[in-house]
Amino acid sequence: MNQAELRRKIGQLMVVGFKGITASDEIKELIREHHVGGVILFGRNIGTPEEILSLTTELQHVAKDAGHEHPLLICIDQENGVVRRLGEGTTIFPGAMLLGATGNPDNAYEGGVATGKELKALGINWNLAPVMDVNNNPENPVIGVRSFGESAEKVSEFGRMAMKGMQEAGVITTLKHFPGHGDTNVDSHLDLPVITHNIERLEQIELKPFVDSIEAGADTVMSAHVYFPAIEDTPGVPATLSRKVITGLLREKLGFDGVVTTDCMEMNAIANTIGTAKGGVEAIKAGVDLIMVSHLHHLQKETIDAIYAAVESGEIDKAQIEEAVARVTRLKEKYCSWEEIGSDEVPSFVGGKEHQQLAHDIYKQGITIVKNNGILPLKNKRVLVVYSENKYTMQVEDRRYSSMYLGETIKEIDDTAEIVELSNPATDEEIQRVAAKAQQFEAVIVGTLTVQEGDAQTKLVEALSDTGVPVVVIATRSPYDLAYLPEIQAYLCTYEFPYPALNMAAKAIYGREQVTGKLPVTIPQVRERLK
């Protein structure tokens, strides 16, 4: 293998991002000169469906003209729910925990098919989903409602069905975040989480969804930037960089011979410890196939150069590069074809009535009335609606979709309702003012967004409850909010805050729809413990 050939092969093992809704000079350079084989799209790259298709087509033409043997892998985080990238003109599908709340795995399959069809139609051939993490830690700051629930069996069944649905639509899927990011209370975007369970517990809970979907034909697995001392005995080495996790556990013990990708190597758990470029070298040595550097051009080039230097020095065996390229090539040959590139027409099913109806039906089955002390449905009452502005709180969420539509959707049903949007966090003065105002009404609807013990949201609900006016809380993301709140008359969970979810909750409150969701997690009795 000569130097030019080696550089081309290393390029095929890179997944990179860029800015803009058209192909930047930087991404074109990486595709042409470095033979980079994978591209990741974020909200910054997403325009209308027509603009997305134009972008993906342009990227593929750049690759073909540069002599790439196979099309680019073009991936995106379209988990649905709180983590989605597609916007205007596409269907808003329910996310994982809402799907889990329906109790029907067929919804995960049908949602997977429909999501896959819309992605494929826009030239996106790889989805970084489904999330296979078991959310058994209510304090998890990064998984939460991205998980199907707290049961390994439920996550396994729903995740496998979602995977099968997307595959049916011709889209590559990703099981993430191996070997499990559910039982953490640290966000790996910000720091290195540690999961201290022994191997028997990991096999019982964390690994089960991965094992079952690998047996069912998984395409790719994404590693977690999480340290598992039960598997890796070198302190502080995350799964992404651990040969014992990637090769020993995933490849050899679980028998996975598909493609392994890292999560973004610019996340703090990697970038602030070993560093992005050196991390790329260690990930390849661990047995990873694809290195994801999502943002900074200089880090993308530094990572390519670092891997090249490591192969030239013998630190990385050339055979390992060959094996990784072979796995990536097999994946491309299965899912990607030059013949599919070039359509300039967005099909009518993207954002179309059939998909909208499917999403509506799933929302109806998933929105959950957890508690109702006879206050619902609200009929002929003067209603005050209160919520704080949504400041997105998970790194992985998209700022563009953080709008809180609660007031807007309730006004569509009850044009006499009065809406008060507070700052975030609400000030004591705002809380006192709205509590005084509430006494003029017969019911108050409060939208909460991931309550923490003793925070402004808790104080708000407490102040409103103290007025004696019936309070209805809609938890617009975390279902665990109830644990921190005082006695209230009614509590609903939407698990996410896109307009269709809040619209269905509003209709349920006013008796316009019968929702049937059941909690897929247990709400701990935090307030009882605090007394």
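Conventions used here
- Residues numbered from 1 in each chain as written.
- Predicted model: local features only at pLDDT ≥ 70, side-chain atom pairs only at ≥ 80, totals over all residues.
- Heavy atoms only, no water.
- Helix = DSSP H or I, 4+ residues; strand = E, 2+ residues; numbered from the N terminus.
- Salt bridge = Lys/Arg side-chain N within 4 Å of Asp/Glu carboxyl O.
- Buried < 20%, exposed > 50% of the residue type's maximum accessible area, 1.4 Å probe, protein only.
- Pairing = 2+ DSSP bridges.
- Phe/Tyr/Trp six-rings, centres within 6.5 Å; stacked < 30°, edge-to-face > 60°.
- Core = buried A, V, L, I, M, F, W, Y, C linked by side-chain atoms within 4.5 Å.
- Contact = heavy atoms within 4.5 Å.
- Axes fitted to C-alpha atoms, helices over the stretch in contact; angles between N-to-C directions.
- Parallel < 35°, antiparallel > 145°, perpendicular 65-115°, else oblique.
- Left-handed = near helix turned anticlockwise from the far one by under 90°.
- Nonpolar A, V, L, I, M, F, W, Y, C, P; charged D, E, K, R; others polar.
- 1 Å grid on protein atoms, 1.4 Å probe; cavity = no way out; pocket = protein on both sides within 12 Å on 5 of 7 lines; lining within 4 Å.
- Points joined across faces, edges and corners; volume = space filled by probe spheres on them.

**Q** Which parts of the structure should I look at to understand unusual backbone geometry?
**A** Peptide bonds are mostly trans, and most non-glycine residues show a negative phi. Residue Ala129 is joined to Pro130 through a cis peptide bond whose omega torsion reads 10°. Here the amide bond leading from Phe178 into Pro179 is cis, since omega sits at 0°, within 30 degrees of zero. Structurally, Pro179 can be placed in the loop between strand S5 (174-178) and helix H7 (199-204). For Thr450, which is not glycine, the phi dihedral falls at a positive 60°.

**Q** Can you help me understand the pattern of salt bridges in this one?
**A** When the charged atoms of two side chains with opposite charge come close together, those side chains can pair. Taken as a whole, this structure holds 26 salt bridges when the rule is applied. Close ionic contact of Glu29 with Lys301 constitutes a salt bridge, the shortest N to O distance being 3.0 Å. Placement of Glu29 in helix H2 (residues 25-33) and of Lys301 in helix H12 (residues 297-312) is noted, with a sequence separation of 272 residues between them. Among the salt bridges present, the one from Glu513 reaches Lys364, with a minimum N-O distance of 3.2 Å. Of this pair, Glu513 sits in the loop between helix H18 (499-509) and helix H19 (526-530) while Lys364 sits in helix H14 (residues 353-366), and the two are 149 residues apart along the sequence. Since its relative accessible area comes to 14%, Glu513 is described here as buried.

**Q** I would appreciate a short explanation of the sheet that holds strand S3 (residues 73-76) in the present structure.
**A** Remark on secondary structure: sheet strands pair via backbone hydrogen bonds, oriented parallel or antiparallel. If you trace the eight strands from one edge of the open sheet to the other, you get S4-S3-S2-S1-S8-S7-S6-S5, paired in parallel fashion. The open sheet terminates on both sides in strands that have one partner only, identified here as strand S4 (126-127) and S5. Inspection of the sheet shows S3 paired to S4 by two bridges, in the parallel sense. For Ile76, the partnering residue across the bridge sits in S4 and is Asn127.

**Q** Quick question: what am I supposed to make of the environment of Val155 here?
**A** Mapping Val155 onto the fold places it in helix H6 (residues 152-168). Assessed through its relative accessible area of 0%, Val155 is described here as buried. Remark: the alpha-carbon pair of Val155 and Gly374, spanning 219 residues in sequence, is separated by 33 Å.

**Q** Explanation requested: the packing of aromatic side chains in the structure shown.
**A** Considering all chains together, one arrives at three aromatic pairs under this definition. Measuring from ring centre to ring centre gives 5.2 Å for Phe178 and Phe210, while their planes differ by 90°; the resulting arrangement is edge-to-face. Residue Phe178 is located in strand S5, and its partner Phe210 is located in helix H8 (residues 208-215); the two are separated by 32 residues in the primary sequence. One exposure class covers both Phe178 and Phe210, and it is buried.

**Q** Before we go on, may I ask you to explain the nonpolar core in this structure?
**A** Side chains of a nonpolar character, in soluble globular proteins, are inclined to be buried together. With 174 residues, the main nonpolar core has Leu59, Ile307 and Ile445 as its most contacted residues. Ranked by the residues each element gives to this core, the list is headed by H18, at seven residues. Setting aside anything within four residues of it in sequence, one finds Leu59 in contact with Phe18, Ala23, Ile27, Ile31, Val39, Leu72 and Ile74.

**Q** Can you help me understand the packing of helix H15 (residues 406-413) against H18 in this one?
**A** Packed helix pairs are specified by the crossing angle of their axes together with the interaxial distance, meaning the distance between the axes. At a minimum axis distance of 9 Å, the contact between H15 and H18 shows a crossing angle of 45°. Taken together, the axes of H15 and H18 lie oblique to each other. Handedness of the H15/H18 crossing: right-handed. The segment H15 lies against H18, with Leu406, Glu408, Thr409, Ile410, Glu412 and Ile413 engaging Tyr499, Leu502, Asn503, Ala506 and Lys507. Of the residues contributing to the contact of H15 with H18, the split by class is six nonpolar, two polar and three charged.

**Q** I would appreciate a short explanation of the environment of Lys437 in the present structure.
**A** Within the element layout of this structure, Lys437 appears in helix H16 (residues 428-438). In this structure the C-alpha to C-alpha distance between Lys437 and Val131, which are 306 residues apart in sequence, comes to 43 Å. Sequence-distant contacts of Lys437, that is, excluding residues within four places in its chain, are made with Leu384, Glu418 and Val420.

**Q** What is the right way to read the packing of H6 against H8 from this model?
**A** Interaxial distance between H6 and H8 falls to 8 Å at its minimum, and their mutual angle equals 35°. In terms of crossing hand, the pair formed by H6 and H8 is right-handed. Residue-level contacts link Ala152, Glu153, Val155, Ser156, Gly159, Arg160 and Met163 of H6 to Lys208, Pro209, Asp212 and Ser213 of H8. Grouping the constituent residues of the contact of H6 with H8 by class yields four nonpolar, three polar and four charged.

**Q** I would appreciate a short explanation of empty space enclosed by the protein in the present structure.
**A** With a probe scaled to a water molecule rolled over the atoms, the places where space remains empty come into view. Evaluated as defined, the whole model comprises two cavities of 30 Å³ or more. Roughly 220 Å³ of volume is contained in the largest cavity. Taken together, 26 residues line the largest cavity, and the ones lying closest to its centre are Glu79, Asn80, Pro94, Ala96 and Leu99. At the level of elements, helix H4 (96-102), helix H5 (105-121) and H6 are the ones that each hand at least two residues to the lining of the largest cavity. Take the lining of the largest cavity: its biggest share by element is four residues, from H5.

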